[in-house]
Amino acid sequence: MSVTSASRMSGDSQEAPEALPSPDRSAWASLRPLVLRLHFYAGVLVAPFLLVAAATGFLYAFSFQAEKIVYAHELRVPVGKSELPISEQVAAARAAHPEGAISAVRPSPEDGATTRVLLSGVKGVDPDHTLAVFVNPYTGEVRGALEQYGATGALPLRTWIDDLHRDLHLGEPGRLYSELAASWLWVIAGGGLVLWFGRRRAQRTVRGTTGRRRTLTVHGSVGVWAAAGLFFLSATGLTWSAYAGANIDDLRTALGQTTPTVTADVAAGGEHAEHGGGTAGGTQGTTGTGIGLDAVLKAARAEGLSNPVEIVPPVDASSAYVVKQIQRSWPEKQDSVAVDPATGKVTDTLRFDDYPLLAKLTRWGIDAHTGVLFGIVNQLALAALAFCLILLIVWGYRMWWQRGRGSAFGRPLPRGAWQHVPPYVLVPLVAAIAVLGYFVPLLGIPLAAFLAVDIVLGEIAYRRGKRVYTPAA
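Going by what an unreviewed UniProt entry lists, the protein chain is known as PepSY domain-containing protein and is assigned to Streptomyces jeddahensis.

This is the structure in C-alpha cells:
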C-alpha cells in the first residue's frame, strides 16, 4: 500500500493536540494512530524512491518483448535442414571476432534461433559483460555481435533498462535507492493493509463517496488487491540488494541453504562443492581443449540436459568443461554436469531437484521478480503491479493534498501516540523492529533518523509553545 491512507491528518495551520485513544480502549484502537503515523511518514518520504522503482520496473517488464523486436536480425534466422557442428559455429565466430577469450557457448536453443558465442576480455566491452557473437547454426553466417549481461542473456536495451531500475546508472551508490524502496515497500503495504481492514465495512465502499474519502477508498481497495504482489516484490528485491542481501546470504550459509554448483575440478569430481569453475568461464578458457565441444555436448545430452544449455570451457589444465541448463521459465531447467576434457567422461552431476529448499525458493523468487519464470504472463503481472504502485502513490499524495486547506498539504497525527499502546504490544513491537532494522539496515537507519528528527522537532515546538509536549511517536 503506498503513500498514505492518512484519514486522521489534521488540517490546522499548527499541530492541534487531537484526542488520542484513552487507556481503556482496545489494543488496536491504541495502536492504530501509531500505525497511521508510520504509514503516513514512510509513504511521504519513501514514495519518490518507490515511484522511480515502479516506473523503471514497468519499463523492464516490457523489455523482453522489445528486445526480440529490436534485435530480431541477431536472434532469429530462417530454419534450415540441419545444424552445423558446434565446433564449426564457434570457428566461424572466432574468424569474425578473434579478440578476447571464449567464456561460454550457448547452442541454438530452438529451431530458427541463433547460437551465441560469448567472448570475455574484449576491448571496449564492460568487464562485467561479454561480447555475444550470433551465428546462424545452419550456415555458419555471423549475424552480428552485441554486449550481453547476466545469466538471462540480456542484450543492450534490456541491460540499460535493468541498470536504470537497479541503480539509476550510478553504480554501487545508486543501488541504495532500490534497496531503500524494497526495504520500506513491505512496511508501507503492511501498514496500509492493517489500516484498511481496521476500518468499518461501511467506510470501505466507493459508492456514494466524494472527495478525499473516495480517493482513500479507491486507494485502499487497489492496495488490498496489490498487497500480496507488493510483499513479494519487496522480499525478492531484498535478496540481491547490497546490505540486506548480504545478510540474507549469511543466513542461508549458516542454515546450509546456499546454491550448490557442480565441481569443475577434474581431480575432485564427484562431490558437489562451491568452485569457481562451475559458475563462469575464465578468460583463459578455450574450446580447443581435449575432446572438443561436440563430444562435450553429446556427453551432456546423454545425462538428460536438454535445451537451452550453456557450455563453459575449462579455466585451466585441471578443470573440466561445465555444461549447464539455463532455462529459467517454468518448469526450470537448472541441471549441470562436468565433463573431463581428456576422456569425455562426466565427472560430476548436479540436479536442480537436489538444491536445498531455500536455494530453490530464491531461484524461483528472483526469476519471478525479473519476469522470466512464467514468461509473458509473468511480465504482464509485473507491469500491472508496477502500474498499481504508481497509482497508489499518486492517490496517496492526492489525499494528503485534499486533507489540507486551500493550497496547503494536510498534517499527520500529533506526536505521543506510542504512550497509549499497551506495554504487552509495544515492547515486542519495538524488539521486532530493532531486529528487522539490524538485518535490513536501509529500514532501520532511516527509521532511527526519522525518530531523532521527530524528537528534535517536537522539542522545538514545545519550547516555542506551539503545542502541549508529548514524546515523539
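Bringing the packing of aromatic side chains into the picture now. Tallied over the full model, the rule gives eleven aromatic pairs. Arranged with centres 5.3 Å apart and planes meeting at 70°, the rings of Phe40 and Tyr41 form a pair that is edge-to-face. Judged by relative accessible area, Phe40 falls into the buried class, the value being 3%. On the numbers, 6.0 Å between centres and 65° between planes, the contact of Phe352 with Trp364 is edge-to-face. Of this pair, Phe352 sits in the loop between strand 8 (346–350) and helix 10 (357–369) while Trp364 sits in helix 10, and the two are twelve residues apart along the sequence. For Phe352, a relative accessible area of 7% corresponds to the buried category.

Moving on: the UniProt feature "transmembrane region" (unreviewed entry) in the protein chain. Here the UniProt-annotated "transmembrane region" (unreviewed entry) positions come out as residues 40–62, 176–197, 218–243, 380–400, 421–439 and 445–462. Between the end C-alpha atoms of residues 380–400 the distance is 30 Å, and the span holds 100% helix and 0% strand. With 100% helix and 0% strand, residues 445–462 has end C-alpha atoms that lie 26 Å from one another.

All told, the structure shown has twelve salt bridges when counted by the stated rule. Between Glu310 and Lys324 there is a salt bridge, with its nearest N and O atoms 3.8 Å apart. Separated by 14 residues along the polypeptide, Glu310 in strand 5 (residues 309–312) and Lys324 in strand 6 (residues 321–325) bring together distant segments of the chain. Looking at Glu310, the relative accessible area reads 8%, which means it is buried. A relative accessible area of 16% means that Lys324 is categorised as buried. Put simply, Asp367 and Arg363 hold a salt bridge, and the shortest N to O gap is 3.1 Å.

Moving on, we come to the nonpolar core. Counting 32 residues, the largest nonpolar core has Leu50, Trp184, Leu185, Ile188, Leu230 and Leu389 as the members making the most contacts within it. Of all the secondary structure elements, the ones that give two or more residues to this core are helix 1 (27–61), helix 6 (175–198), helix 7 (211–239), helix 11 (375–403) and helix 13 (441–463). Element by element, the count of residues in this core is highest for helix 6, at nine residues. If we ignore the near neighbours within four places in the chain, the residues touching Leu185 are Leu50, Leu230, Leu233, Ser234 and Leu389.

The next thing to look at is the layout of surface pockets. Empty space within the second largest pocket amounts to approximately 980 Å³. Along its surface, the second largest pocket is lined by 28 residues, and Lys68, Pro109, Arg116, Thr152 and Arg158 are the ones closest to its centre. Elements that contribute at least two residues to the lining of the second largest pocket include exactly helix 2 (63–70) and helix 11. Among the elements that take part in the lining of the second largest pocket, helix 2 stands out by supplying four residues, more than any other. Residue composition of the lining of the second largest pocket, by class: eleven nonpolar, nine polar and eight charged.

Turning our eyes to something else, we now look at helix 2. Those residues of helix 2 that fall on the buried side of the exposure criterion are Ser63, Phe64 and Glu67. For helix 2, the angular spread of buried residues about the axis comes to 105°, placing them on one side. Opposite the packed face of helix 2, turned more than 90 degrees from it, sit the exposed residues Lys68 and Ile69. Tucked into the core, helix 2 has its buried residues touching helix 1, helix 3 (72–75), helix 5 (156–167) and helix 11.

Before going further, it helps to examine helix 13. Its 23 residues give helix 13 an end-to-end C-alpha distance of 33 Å, which sits within 8% of 33 Å, the value for a rise of 1.5 Å per residue. Those residues of helix 13 not exposed but buried are Pro441, Leu442, Leu443, Gly444, Leu447, Phe450, Asp454, Gly458 and Ala461. Of the residues trailing helix 13, Gly465 is marked for its positive phi of about 75°.

All right, on to the pairing of strand 5 then. For a regular strand, side-chain orientation follows a simple rule: the groups alternate between the two sheet faces. Because side chains alternate across strand 5, one face comprises the buried residues Val309 and Ile311, and the other comprises Glu310 and Val312, equally buried. For strand 5 and strand 6, the ladder comprises four bridges, and the chain directions are antiparallel. Its bridge partner being in strand 6, Val309 is matched across the sheet by Gln325.

Each value, and the rule that gives it
- Residues numbered from 1 in each chain as written.
- Predicted model: local features only at pLDDT ≥ 70, side-chain atom pairs only at ≥ 80, totals over all residues.
- Heavy atoms only, no water.
- Phe/Tyr/Trp six-rings, centres within 6.5 Å; stacked < 30°, edge-to-face > 60°.
- Buried < 20%, exposed > 50% of the residue type's maximum accessible area, 1.4 Å probe, protein only.
- Helix = DSSP H or I, 4+ residues; strand = E, 2+ residues; numbered from the N terminus.
- UniProt positions renumbered as here; feature names shortened; annotations may be inferred.
- Salt bridge = Lys/Arg side-chain N within 4 Å of Asp/Glu carboxyl O.
- Core = buried A, V, L, I, M, F, W, Y, C linked by side-chain atoms within 4.5 Å.
- Contact = heavy atoms within 4.5 Å.
- 1 Å grid on protein atoms, 1.4 Å probe; cavity = no way out; pocket = protein on both sides within 12 Å on 5 of 7 lines; lining within 4 Å.
- Points joined across faces, edges and corners; volume = space filled by probe spheres on them.
- Nonpolar A, V, L, I, M, F, W, Y, C, P; charged D, E, K, R; others polar.
- Arc of directions from axis to C-beta.
- Expected span 1.5 Å × (residues − 1).
- Pairing = 2+ DSSP bridges.

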